[in-house]
Amino acid sequence: MCGGCVVGAIYCITVLCKMKEKNPWHKAVVIFIAVLGIIAIVALVTTAVLQNKPLQQKFKYGIVLDAGSSHTAVYIYEWPAEKENDTGRVKQKHFCQVKGPGISSYSLSPEQAGHSLRLCIQEAVLNVPRRRHHETPLYLGATAGMRLLRMENQSLCDQVLGSVEKVLQSTPFDYQGARIISGQEEGAFGWVTVNYLSDRLKQGSGTTGALDLGGASTQITFATNQDETGESAENTVTFRLYGNDYFLYTHSFLCYGKDQVLKLALAQQTQAGASTLLDPCFNQGYSTNLSYSSVYSSPCITTQKPLAAGEGFTHRGTGNALQCQEVVRRIFNFSGCTFSHCSFNGVYQPPLQGQFGAFSAYYFVMNFLNLTSDTLENNMEKMARYCSTPWTQIKQQFPNVKEKYLAEYCFSGTYILFLLTHGYNFTSDTWSNIKFIKKISGSDAGWTLGYMLNLTNMIPAEAPDTPPLPHAGYVTLLLFTSLLLFLILLCSLRSLWVRCTSQRQII
Ligand SMILES: Nc1ccn([C@@H]2O[C@H](COP(=O)(O)OP(=O)(O)O)[C@@H](O)[C@H]2O)c(=O)n1
Ligand SMILES: [Ca+2]
């Protein structure tokens, strides 16, 4: 079309040139045509650019409630409406932490479980534009706290789920159900989240493994070769995403979240039923009274409360990291592997592959202890120093940290180092493959985003078709071509003018 303009303009000039002798206005007419040509090109480029400009962005929303063992969190996600299937497009818009404990703690007053969510639901209502409310899917997924309650008492578990369901149904959102997700789902969707956010799924190779530490369970998930997954079907999840096949190894260790594992350690150390427990995993000078039932009532504890024991015991710290490691070692079972390789407790695990992102409590604990960017050996030393610091000094040093968390860091840090090395087989050499992360590109690492992407079919199995040129490339090419044609027009005008003038001189 632009080429047509140029040819037309040249034709006009030629005609004009012939008319020139007779017409005293020829100069003005030539200038007029040149200006007209410029205006035509500018109009053409402007129209083409505006026509192809991305439309004003409209957003869609999705809400996922993570009903964890220790607390419930509400995540609101947002994405451009016309780019639903593009990787990396869904972002966390808002986060709300529900006040109080996890929903499984309301087993004796189930109505309270639903009620506890109300404030965060109100926040969600304000954070999603009103006209989008009815089309915004809302999901609740409960994890290990509710898995344990289901094992303990199915009826109480149903009542708690019923109570949250009642509240969620009454919201203006498109409620899609509240359920207990499986350990495999928790692990696999954590892996999807991490790889979606770091934009690795479209590239098809070099994915990142996911390590999730909760309060009641912990998950390890990573991509392996197809033949590695054959040994244990229950540890295998396969996905086809953006045209690539992924064979994932995943395992969720129930009772190996950091709060339940502490109960395992306390039960292990109170077998004799003494009235005082001297615990190397707590700082020297730390002392508190604990009831036996707070330890032994968990379904993770299979041993009975010691017969000789009274109501409770004094839990006293002695602060010794090496002895603490021995306490932690006793809650792992390294015998009885029936597969080619195992992690612990007879669970199959193929050799570790690639990089890993470690999130949730891994991040909280390691970040507090300043163990996120050092060698394994240095981290062991730092850990020993923290454990041997007297409790009074720790409290003085961190007056703003909740005492319960502060007291447990020696135990939790020792447990994390032991789990990653002796449990999963990370070594001094492979330690640097683990990155302790909270967020990736502004969104929290965790299973919730992967869960929503899967349920809303937002990750297609096959790679979507993309235009041959991105918008910026298209505009650049258009401008460049127009500029070139304009220059050709000017040159042609000039050479015609020169020829015209010389012809006149000859005449
Ligand atoms: N700021 C925070 C928040 C949570 N946490 C811990 O992170 C863990 C989160 O577990 P969770 O509630 O998701 O439990 P699961 O159901 O995933 O096992 C709990 O052990 C919390 O105590 C922490 O250490 N620091
Ligand atoms: Ca969790």
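Let me sum up the structure you'll find in this document. Fair warning: this is a prediction, and the values are worked out from it, not measured in the lab.

Quick word on the overall build of the chain
Part 1 of the argument: Scanning the chain from N- to C-terminus turns up 16 helices and 16 strands.
Part 2 of the argument: Looking at the chain as a whole, 48% of its 507 residues are labelled buried.
Part 3 of the argument: Considering only contacts within the chain whose residues lie at least 6 apart along the sequence, 74% involve residues at least 24 apart.
Part 4 of the argument: When the accessible surface of the chain is split by element, carbon and sulfur atoms take 56% of a total near 25000 Å².

Section: the packing of helix 12 (residues 376-388) against helix 14 (residues 403-423)
Part 1 of the argument: As a packed pair, helix 12 and helix 14 sit with axes 10 Å apart at the nearest point and diverge in direction by 155°. By the criterion of interaxial angle, the relationship of helix 12 to helix 14 is roughly antiparallel. As helix 12 runs across helix 14, the sense of the crossing is left-handed. Together, Leu376, Asn379, Met380, Met383, Tyr386 and Cys387 of helix 12 and Leu406, Tyr409, Cys410, Gly413, Thr414, Leu417 and Thr421 of helix 14 make up the contact between the two elements.
Part 2 of the argument: Partitioned by chemical class, the residues of the contact of helix 12 with helix 14 number nine nonpolar, four polar and no charged.

Overview of the state of the cysteines
Part 1 of the argument: Summed over the entire model, instances satisfying the criterion amount to five disulfides.
Part 2 of the argument: The side chain of Cys255 participates in a disulfide bridge whose partner is Cys300; the two sulfur atoms lie 2.0 Å from each other. As the torsion about the S-S bond is roughly -85°, the Cys255-Cys300 disulfide counts as left-handed. A residue pair is termed long-range when its members are at least 10 positions apart, and Cys255 in the loop between strand 9 (244-254) and helix 8 (258-269) and Cys300 in the loop between helix 9 (292-296) and strand 12 (312-317) qualify at 45 residues.

Topic: the sheet that holds strand 11 (residues 287-291)
Part 1 of the argument: One open sheet accounts for three strands, arranged 10-12-11; its pairing is mixed. Where the open sheet ends on each side, the last strands, each with one partner, are strand 10 (276-279) and strand 11. For this sheet, the mean inter-axis angle between neighbouring strands, taken without regard to orientation, is 30°.
Part 2 of the argument: Relative to strand 12, strand 10 is paired through four bridges, and the arrangement is parallel. Directly across from Leu277, in strand 12, lies its bridge partner His315.
Part 3 of the argument: Each of strand 10, strand 11 and strand 12 is contacted by helix 8, which is oriented at about 120° to strand 10, the strand it contacts most.

Considerations on the packing of helix 7 (residues 183-197) against helix 15 (residues 447-455)
Part 1 of the argument: Orientation of helix 7 relative to helix 15, taken along the N-to-C sense of each, is 90°, at an axis distance of 6 Å. Between helix 7 and helix 15, the angle is such that the two are roughly perpendicular. Side by side, helix 7 and helix 15 meet where Glu185, Glu186, Phe189, Gly190, Val192, Thr193, Tyr196 and Leu197 of the first sit next to Trp447, Leu449, Gly450, Tyr451, Leu453 and Asn454 of the second.
Part 2 of the argument: Of the residues that constitute the contact of helix 7 with helix 15, the class distribution is eight nonpolar, four polar and two charged.

Examining the packing of aromatic side chains
Part 1 of the argument: Under the definition given, this model contains 34 aromatic pairs.
Part 2 of the argument: One aromatic cluster is present, formed by Phe253, Tyr256, Phe332, Phe334, Phe344, Phe411, Tyr415, Phe418 and Tyr424 through successive ring pairs.
Part 3 of the argument: For Lys402, the ring lying beneath its charged end belongs to Tyr405, and the centroid distance is 5.0 Å.

Brief notes about the site of ligand 1
Part 1 of the argument: Taken together, 16 residues lie around ligand 1, and Ser69, Ser70, Thr143, Gly215 and Ala216 are the ones closest in.
Part 2 of the argument: A distance of 2.8 Å separates an oxygen atom of ligand 1 from a polar atom in the backbone of Ala216.
Part 3 of the argument: Lys258 is positioned with one of its side-chain polar atoms (N or O) 3.4 Å from an oxygen atom of ligand 1.
Part 4 of the argument: When isolated, ligand 1 has an accessible area of 550 Å², and the protein chains bury 87% of it.
Part 5 of the argument: When residues of the shell around ligand 1 are traced back to their parent elements, those giving at least two are helix 8 and helix 11 (361-368).

Observations regarding unusual backbone geometry
Part 1 of the argument: Its identity as a non-glycine residue notwithstanding, Cys255 has a phi of 80°, on the positive side.
Part 2 of the argument: Positive phi outside glycine occurs at Asn457, with the angle close to 55°.
Part 3 of the argument: With respect to the helices, strands and loops of the structure, Asn457 is situated in the loop between helix 15 and helix 16 (471-506).

Comments concerning the side chain of Thr218
Part 1 of the argument: Its place among the elements puts Thr218 in strand 7 (residues 217-224).
Part 2 of the argument: Overall, Thr218 belongs to the buried group, its relative accessible area being 0%.
Part 3 of the argument: At 2.7 Å, the side chain of Thr218 forms a polar contact with the backbone oxygen of Asp212.
Part 4 of the argument: Setting aside its immediate chain neighbours within four residues, Thr218 contacts Asp212, Leu213, His251, Ser252, Phe253, Tyr256, Gly257, Tyr362, Tyr415, Leu419 and Tyr424.

A few points about helix 12
Part 1 of the argument: Taking 1.5 Å of rise per residue, the 13 residues of helix 12 would be expected to cover 18 Å, and the 19 Å separating its terminal C-alpha atoms lies within 8% of that figure.
Part 2 of the argument: Residues of helix 12 that are buried include every one of Leu376, Asn379, Met383, Tyr386 and Cys387, and no others. Along the long axis of helix 12, the arc covered by the buried residues comes to 95°, so they all point the same way.
Part 3 of the argument: Against helix 10 (321-329), helix 11, helix 13 (391-397) and helix 14 lie the buried residues of helix 12.

Cut-offs and rules
Residues numbered from 1 in each chain as written. Chains lettered and ligands numbered in written order. Predicted model: local features only at pLDDT ≥ 70, side-chain atom pairs only at ≥ 80, totals over all residues. Heavy atoms only, no water. Helix = DSSP H or I, 4+ residues; strand = E, 2+ residues; numbered from the N terminus. Buried < 20%, exposed > 50% of the residue type's maximum accessible area, 1.4 Å probe, protein only. Contact = heavy atoms within 4.5 Å. Areas by Shrake-Rupley, 256 points an atom, 1.4 Å probe, with all protein chains shown as cover. Axes fitted to C-alpha atoms, helices over the stretch in contact; angles between N-to-C directions. Parallel < 35°, antiparallel > 145°, perpendicular 65-115°, else oblique. Left-handed = near helix turned anticlockwise from the far one by under 90°. Nonpolar A, V, L, I, M, F, W, Y, C, P; charged D, E, K, R; others polar. Disulfide = S-S within 2.5 Å. Pairing = 2+ DSSP bridges. Phe/Tyr/Trp six-rings, centres within 6.5 Å; stacked < 30°, edge-to-face > 60°. Lys NZ or Arg CZ within 6 Å of the ring centre and 35° of its normal. Near = heavy atom within 4 Å. Polar contact = N/O pair within 3.5 Å; in protein donor to acceptor, adjacent residues only side chain to side chain. Expected span 1.5 Å × (residues − 1). Arc of directions from axis to C-beta.

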